[in-house]
Structures are given as structure tokens and as C-alpha cells.
Amino acid sequence: MIKQTGKSINLRLAALSDAEFILALRTQTDKTRHLNPVENNLKNQQQWLKAYQLRQQAGLEYYFIIESQQHEPLGLVRVYDLQPESFCWGSWLIKDGAPQTTAIQSALLIYEFGFQQLGYKKAHFDVRKANQRVIAFHQRFGARIIGEDALNYYFNYTYEDYLTIKQKYRRFLN
Ligand SMILES: CC(C)(COP(=O)(O)OP(=O)(O)OC[C@H]1O[C@@H](n2cnc3c(N)ncnc32)[C@H](O)[C@@H]1OP(=O)(O)O)[C@@H](O)C(=O)NCCC(=O)NCCS
């Protein structure tokens, strides 16, 4: 079973029954202004999850629910656009009121998944230029901006970068 166990949170694969939780978070407008819009339609969300599950079974994409170890859903994060040398992660969203270390823990667990479990040596992701908080987050982790366009910064992150950070933040891992 694909699952990442952290210090006080876990990542588990999204199921069809998560459609309501996902839709509620993805339609919370103050949280999603830096993400692609999602239609507020449960049937469509369920359809999207069904199509995603086929991609997941083919090893093309992994959509995780971030949850407490008591199984309270706290957020979302996704691995996608698997290139020969690099995995992409994003669709990262944490609900209001989640414990303060949820962001650091979930980022560490995504890197554990991509680097250790899937065996990649590099990660890539893009962040909207207006999303200052998330840009700062990735820079504290040692990620590098390798490109930009009008809307986004494009980041790279290597396994070596991660090993340094993992040492520094090992108290946030299991
Ligand atoms: C992206 C998202 C999941 C990040 O979670 P977050 O909780 O906002 O992350 P933060 O950077 O505030 O980090 C949480 C806490 O950990 C701290 N922290 C983060 N990285 C840290 C680090 N490397 N070292 C020490 N502390 C750190 C922060 O200072 C913050 O503490 P504070 O609450 O006292 O300020 C969240 O902002 C969100 O849901 N945003 C909306 C959607 C979005 O923009 N997604 C990203 C698209 S690219």
C-alpha cells in the first residue's frame, strides 16, 4: 500500500469517498487563488477522481490526502508530471486550523516519497509569482528558481538538497 507515515501526520492516497473533502477545500476561494479553479460540482469531482485512479494505477500520478494520525483530513498534495529524471509536486493545500507543522511535515513526506520511494534524483514544481509565502517556503528548503514567465517561477530541487534539509528537519520526520 502506498502511504507515507510521518511524525504526527500521514499521506494516504485519495479515494472516491474523499471527493467532498477535496471539493470543499478546492472551492474555498481565499485559499485557492494561486491554484487552478475547480468547478463546484460533486459529480465532476468524483469523475475526476475516477479518472485519476486509473492514472494512479498506471503509476503516472499520486494524489494524497494529508491526514492526522487519528485520520482527520488536513490537506491535499499531488505528485504528477513524472519525467524520466524528475518528479513534479503541487496542488498543495492545507485547511485552516491544521497543526502548524503540517506544511513542513507534508513537504518532507512528499520528498521522501519522490526521492526514496520512487527513486528520483530531482524534483520540479512551479509557484505563482504572487504566492510569496510558498516561494519563501521552498527557498528555505533550498529550492532554486531555474526559470520564470509572466505568471510563475519554475523551481528545481535535488536529492542532495533534500538530504541536507532532511538532516536539519529530522525532528519533523518519524
Ligand atoms: C501552501 C500551503 C499548504 C503551505 O502551508 P502553510 O502552513 O501556509 O506554510 P507556512 O510557510 O506558513 O509554514 C507553516 C509554519 O511553519 C513554519 N515554517 C515553514 N517552513 C519552515 C522552515 N523551513 N523552517 C522553520 N519554520 C518553517 C512557518 O514559519 C509557519 O509558521 P508560522 O505559522 O509561525 O508562521 C498553504 O499556504 C496553503 O494551503 N496555501 C494555499 C494553496 C497554495 O497556495 N498552494 C501552493 C500552490 S504552489
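Look a little higher up for the structure.
Parameters at a glance
- Just so you know, the residues in each chain are numbered from 1, in the order the chain's sequence is written.
- Whole-chain, interface and lining totals are the exception, using all residues; otherwise, since this is a predicted model, local features are given only for residues with pLDDT of at least 70 and side-chain atom pairs are given and counted only at 80 or more.
- The basis for every side-chain value is the complete set of non-hydrogen atoms in the structure, without hydrogens or water.
- The nonpolar core is taken to be a set of buried Ala, Val, Leu, Ile, Met, Phe, Trp, Tyr and Cys residues, with the residues joined through side-chain atoms within 4.5 Å.
- Relative accessibility decides the category of a residue: with a 1.4 Å probe and only protein chains considered, values under 20% of the type maximum give buried, values over 50% give exposed, and everything between is partly exposed.
- Strands are runs of DSSP state E lasting at least two residues, helices are runs of H or I lasting at least four, and both sets are numbered from the N terminus onward.
- In protein, a polar contact means a hydrogen-donor-capable atom and an acceptor-capable atom, both N or O and within 3.5 Å, with residues adjacent in sequence counting only if both atoms are side-chain atoms; elsewhere, any N or O pair within 3.5 Å suffices.
- For this analysis, residues touch if any pair of their heavy atoms sits within 4.5 Å.
- One heavy atom within 4 Å of a molecule or strand is enough for the residue carrying it to be called near that molecule or strand.
- Exposure was quantified through the Shrake-Rupley algorithm and a 1.4 Å probe, taking into account, for residues, occlusion by the shown protein chains and nothing else.
- Lys, Arg, Asp and Glu make up the charged group, whereas Ala, Val, Leu, Ile, Met, Phe, Trp, Tyr, Cys and Pro make up the nonpolar group; the residues left over, Gly among them, are polar.

## Quick word on the nonpolar core
- Membership of the largest hydrophobic core comes to 36 residues, with the highest contact counts inside it found for Phe 87, Trp 89, Tyr 111, Phe 141 and Tyr 157.
- No other element matches the seven residues that helix α3 (residues 102-117) contributes to this core.
- Counting residues in each nonpolar core, the second largest holds twelve residues, with Ala 19, Leu 35, Tyr 52 and Leu 76 among its members.

## A word on α3
- For α3, the buried fraction is high: twelve of the 16 residues fall into the buried class.
- Inspection of α3 places Thr 102, Gln 105, Ser 106, Ala 107, Leu 108, Leu 109, Ile 110, Tyr 111, Glu 112, Phe 113, Gly 114 and Phe 115 among the buried residues, and these make up the whole buried set.
- Gly 119 sits one or two residues past α3 and shows a positive phi near 85 degrees.

## Quick look at the side chain of Asn 10
- By the element assignment, Asn 10 lies in strand β2 (residues 9-13).
- On the basis of relative accessibility, which here comes to 4%, the residue Asn 10 falls in the buried class.
- A polar contact is formed between the side chain of Asn 10 and the side chain of Gln 69, at a distance of 3.1 Å.
- The contacts of Asn 10, once residues within four sequence positions are left out, are Lys 3, Gln 4, Thr 5, Ile 65, Ile 66, Glu 67, Ser 68, Gln 69 and Leu 109.

## Structural notes on the site of the ligand
- Residues in contact with the ligand amount to 15 residues; listed here are only the nearest, Trp 92, Gln 100, Asn 131, Arg 133 and Tyr 169.
- Separating an oxygen atom of the ligand from a backbone N or O atom of Ile 94 is a distance of 2.9 Å.
- For the ligand, whose unbound accessible area comes to 920 Å², protein coverage reaches 73%.
- Of all elements in the fold, only β5 (86-94), α3 and α4 (132-140) reach the threshold of two or more residues within the shell around the ligand.
- The dominant element in the shell around the ligand, judged by the number of residues it contributes, is α4, at four residues.
- Broken down by class, the residue content of the shell around the ligand amounts to nine nonpolar, two polar and four charged.

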